Structures are given as C-alpha cells and as structure tokens.
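# Examination of the molecular architecture
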Amino acid sequence: MKGTVGLWLRTGSLALRSFCLVHVINSHFYEFTETRGESMLPTLAAINDYVHASKKYRNGKDCQIGDCIVAVKPTDPYQRVCKRITGMPGDYILIDPSAKEGDDIDGQAFNSYIRVPMGHVWVTGDNLSQSLDSRTYNSLPMGLIKGKIIAANDFNKPIWHDGALFGFRSIENSYSDEF
Ligand SMILES: *[C@@H]1O[C@H](CO)[C@@H](O)[C@H](O)[C@H]1NC(C)=O
C-alpha cells in the first residue's frame with residue numbers, strides 16, 4: 001500500500017514537474033501555435049498553418065523591421081495576432097496610402113502620418129486588404145509581442161511534399177533596401 005502511494009506521489013510529482021517544464025518552455029523559449037485568418041496570406045495559410053515562435057524576442061527584444069511576430073491583440077487580450085513589423089520606434093508612417101478621403105480611424109484621417117512612439121512598432125498583415133492591424137489599432141506596444149515567427153508548418157500540405165514535412169518552411173524577414 002505504502003509503495004503504491006509512493007508511486008502515485010512520484011508519478012504526480014513527475015507530472016507536475018513536466019507540466020511546469022512545458023509551461024516554462026512555452027512562456028520563455030518556444031511556442032507552437034495555430035494561426036487563422038487571411039491577413040498573412042501568402043506567407044501563412046488561412047487555416048491549419050502552425051507557427052513556430054521564438055520567445056527570445058518577446059517584448060520585441062531584438063525584433064527588426066520585416067520580422068513576423070506573434071502578439072496579443074491590443075483590442076482583445078484573449079486573442080493572438082500574427083503580423084509583420086513594418087515600422088520601428090521613431091519611424092514616420094503614412095497610415096494607409098490606399099485610403100480614400102473620408103475614411104477615418106479614431107477621428108484620425110487615414111491619409112495622415114504618425115510617428116511610431118518609443119516602445120512600439122507598426123505592424124501590418126502581408127495581405128493588406130484582409131488585415132486588421134496598426135492601420136486600425138495604431139502602433140503596437142512591444143510588451144504585447146510574444147515571440148518572433150521563425151518557421152511554420154502548413155498541415156494543409158501532405159506529410160511529405162517537396163522535401164518538407166507537413167509544409168515546413170522557415171519564415172524569413174522580408175526587409176530589403178533594394179528596389
Ligand atoms: C488576400 O485574401 C483574399 C481573401 O482570402 C485572397 O483572395 C487574396 O488572394 C489574398 N491576397 C494575397 C496576396 O494572398
């Protein structure tokens with residue numbers, strides 16, 4: 001009997017420690033999350049695409065323009081968003097070059113410029129017409145950045161296709177200073 005209790009305790013303790021380890025890894029090193037939505041097409045598929053995010057970059061640490069990031073949605077703390085950083089702190093941004101006169105966000109004309117405040121970045125989806133991003137919720141506080149997307153698995157793809165397992169590919173920084 002004593003042995004059984006001991007076994008249960010040891011098993012329980014191991015389970016608890018494993019759980020904590022998973023939690024620590026998930027919050028500090030690495031996260032594997034499903035993404036949904038058309039806002040990051042063609043970089044990320046609309047469904048069944050899972051991103052590998054490195055937590056080394058949480059709070060925007062070492063993030064650069066052109067990086068894809070996972071962040072808490074500024075308008076809903078229970079939701080995550082995947083976006084690309086298209087403006088760094090201090091940068092001047094034309095809020096929406098495609099906006100027509102009369103379009104408006106927060107009483108701010110769509111065709112006006114803003115300066116990204118310190119501790120913030122400007123984020124947009126790669127599929128601009130289908131993305132809710134900084135053009136709507138303004139600059140993103142870097143504290144909401146959970147990690148940088150370094151790779152993704154597209155489970156819409158077969159197990160093995162073009163030399164990749166489940167549509168695995170790395171997600172690259174898109175910044176280029178060449179035209
Ligand atoms: C953006 O999303 C729409 C709606 O899903 C899609 O038709 C279009 O091809 C997407 N654009 C890009 C660049 O993938």
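For the structure itself, consult the block above.
For the structure given in this document, a descriptive report is provided here. Predicted model, so just to flag it, every value in this text is computed and none were measured.

What counts as what
- Each chain carries its own residue numbering, running from 1 in the written order of its sequence.
- Only residues with pLDDT of 70 or above have their local features reported here, since the model is predicted, and side-chain atom pairs are shown and tallied only from 80 upward, although totals for entire chains, interfaces and linings are computed over all residues.
- Values reported for side chains reflect all heavy atoms of the structure, with hydrogen atoms and water molecules removed beforehand.
- Near is defined per residue: the residue qualifies when any heavy atom it owns lies within 4 Å of the molecule or strand.
- Under the rule applied, a polar contact is a pair of N or O atoms within 3.5 Å (in protein, one hydrogen donor and one hydrogen acceptor; residues adjacent in sequence only if both atoms are side-chain atoms).
- For this classification, Asp, Glu, Lys and Arg are treated as charged, while Ala, Val, Leu, Ile, Met, Phe, Trp, Tyr, Cys and Pro are nonpolar and the rest, including Gly, are polar.
- With a 1.4 Å probe rolled over the protein chains alone, any residue whose accessible area is under 20% of its type maximum counts as buried; one over 50% counts as exposed, and the rest are partly exposed.
- The way it works is that DSSP assigns letters per residue, a run of H or I at least four long becomes a helix, a run of E at least two long becomes a strand, and they are numbered from the N terminus.
- Here a strand pair is declared whenever DSSP counts at least two bridges between the two strands.
- The salt bridge definition used is simple: a Lys or Arg side-chain nitrogen within 4 Å of an Asp or Glu carboxyl oxygen.

Turning to the site of the ligand, a few remarks are in order. Every residue lining the ligand is accounted for by Glu-38, Leu-41, Pro-42, Asn-127 and Gln-130. In the environment of the ligand, an oxygen atom lies 2.3 Å from a nitrogen or oxygen atom belonging to the side chain of Asn-127. Partitioning the shell around the ligand into residue classes produces two nonpolar, two polar and one charged.

Counting buried residues along strand β2 (residues 49-54), five of its six residues qualify, which places the element largely inside the surrounding structure. Relative to strand β11 (residues 145-154), β2 is paired through six bridges, and the arrangement is antiparallel. Looking at β11, one finds that Asp-49 is bridged to Asp-154.

Pairing between side chains of opposite charge can happen when their charged atoms approach one another. This structure, assessed with the given rule, holds 10 salt bridges. The partner of Glu-31 in a salt bridge is Arg-80, and the shortest N-O contact between them spans 3.1 Å. In this pair, Glu-31 is assigned in strand β1 (residues 30-35) and Arg-80 in strand β4 (residues 76-87), connecting sequence segments 49 residues apart. A salt bridge links Arg-135 to Asp-133, with the nearest nitrogen and oxygen atoms 2.8 Å apart. Considered together, Arg-135 and Asp-133 belong to a single accessibility category, that of buried residues.

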